[in-house]
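Summary of structural features
Listed below, chain by chain, are the residues.
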Amino acid sequence: MKVKVVVLALLVSVLLSVTASAGMLWTDRDTFGDRFDTPNAPIGENLINSLQVRNALWANNGGRKTYIHFNISSITDPVGTASLDLILVDEVLEAAEAANIAVYVLNDGDSGEGWSESTLTWNNAPANNITSDYALLGNASLIDTFWVHDGDAVGWPTISVSNAALVNALNADTDGSITFILTILDGIEGSGVIGGVNYDYIAFASRERADSDSTTLSFTTVPEPATIGLLGIGLMALMRRRK
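Residues numbered from 1 in each chain as written. Predicted model: local features only at pLDDT ≥ 70, side-chain atom pairs only at ≥ 80, totals over all residues. Heavy atoms only, no water.

Here we look at helix H2 (residues 164-172)
- Along H2, the residues that are buried comprise Leu166, Val167, Ala169 and Leu170. Along the axis of H2, the buried positions cluster into a sector of 160 degrees, meaning they face one direction only.
- Its side-chain oxygen at 3.2 Å from the backbone nitrogen of Ala165, Asn163 defines the N-terminal cap of H2. (Buried < 20%, exposed > 50% of the residue type's maximum accessible area, 1.4 Å probe, protein only. Helix = DSSP H or I, 4+ residues; strand = E, 2+ residues; numbered from the N terminus. Arc of directions from axis to C-beta. Polar contact = N/O pair within 3.5 Å; in protein donor to acceptor, adjacent residues only side chain to side chain.)

What to know about the pairing of strand E3 (residues 50-54)
- Within E3, five of the five residues are buried, which leaves the element mostly enclosed by the surrounding structure.
- Here E3 shows no split at all, with Ser50, Gln52 and Arg54 on one side and Leu51 and Val53 on the other all buried.

Topic: the nonpolar core
- Counting 35 residues, the largest nonpolar core has Phe70, Ile101, Phe146, Ile202 and Phe204 as the members making the most contacts within it.
- It is strand E5 (residues 79-91) that provides the largest number of residues to this core, a total of five residues.
- In this structure Phe70 touches Leu25, Trp26, Thr27, Asp28, Leu84, Gly176, Ser177, Ile178, Phe180, Thr215, Thr216 and Leu217, once residues within four positions along its chain are discounted.
- If you look at the next biggest cluster of nonpolar residues, it comprises 11 residues, including Tyr67, Trp115, Ala125 and Ala127. (Core = buried A, V, L, I, M, F, W, Y, C linked by side-chain atoms within 4.5 Å. Contact = heavy atoms within 4.5 Å.)

Notes on the pattern of salt bridges
- The final tally for this structure, using the stated rule, is seven salt bridges.
- With its nearest N and O atoms 2.8 Å apart, the salt bridge here joins Asp133 to Arg35. Separated by 98 residues along the polypeptide, Asp133 in the loop between strand E6 (98-106) and strand E7 (140-149) and Arg35 in the loop between strand E2 (29-34) and E3 bring together distant segments of the chain.
- The class of Asp133 is buried, set by a relative accessible area of 1%.
- By sharing partners, the salt bridges in this structure join Asp34, Asp37, Arg54 and Arg64 into a single network. (Salt bridge = Lys/Arg side-chain N within 4 Å of Asp/Glu carboxyl O.)

Here's what the structure looks like:
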């Protein structure tokens, strides 16, 4: 009986230990495209150490959209929870202004997944609608939106995107590669919602920034039910052999 209890306790502890595990990945590529200043040339974000988004539909300063990539080939089990964590380092907003940030994911297997920091431009960025400061093409899907207000960048806070859409995108991946795209959908001026933040931009830490963490992807995974089942069967068989 004592042996049976010990083996049963072992079974329970092992099953609990494999039910979930946590991990975190750092971005391996990040940059942004600029519509007005350098639409046909890489922005060189490594020189300014930030990833910028901007929407200026009627202004001389054009839009900016950020691209962030992760190699997720190490994630082999189904994802249960996930969080895309961005470090807000600057917001060029005036009092009472705010910007509505949209986070998209490039569709799995898209031909543009192999983009490079050294060659991405406004005009060749994957899924980019080059005629719009905020819109993307049909090969990118919306994950979430969040607001950044004047004064929010104080202390360089972390902004986390964590929902079922993010988990689904990770679980749908088939090529070990995922790209997130950030744009400003619209904004608030002192006089109200106007569809764009005039001249203003929002900046997040890039991976080249030495004085701040960069974007990370945190997650928990749950082994396939078949894996847990096989382990349980094996331990139960061991119990019967020890009787």
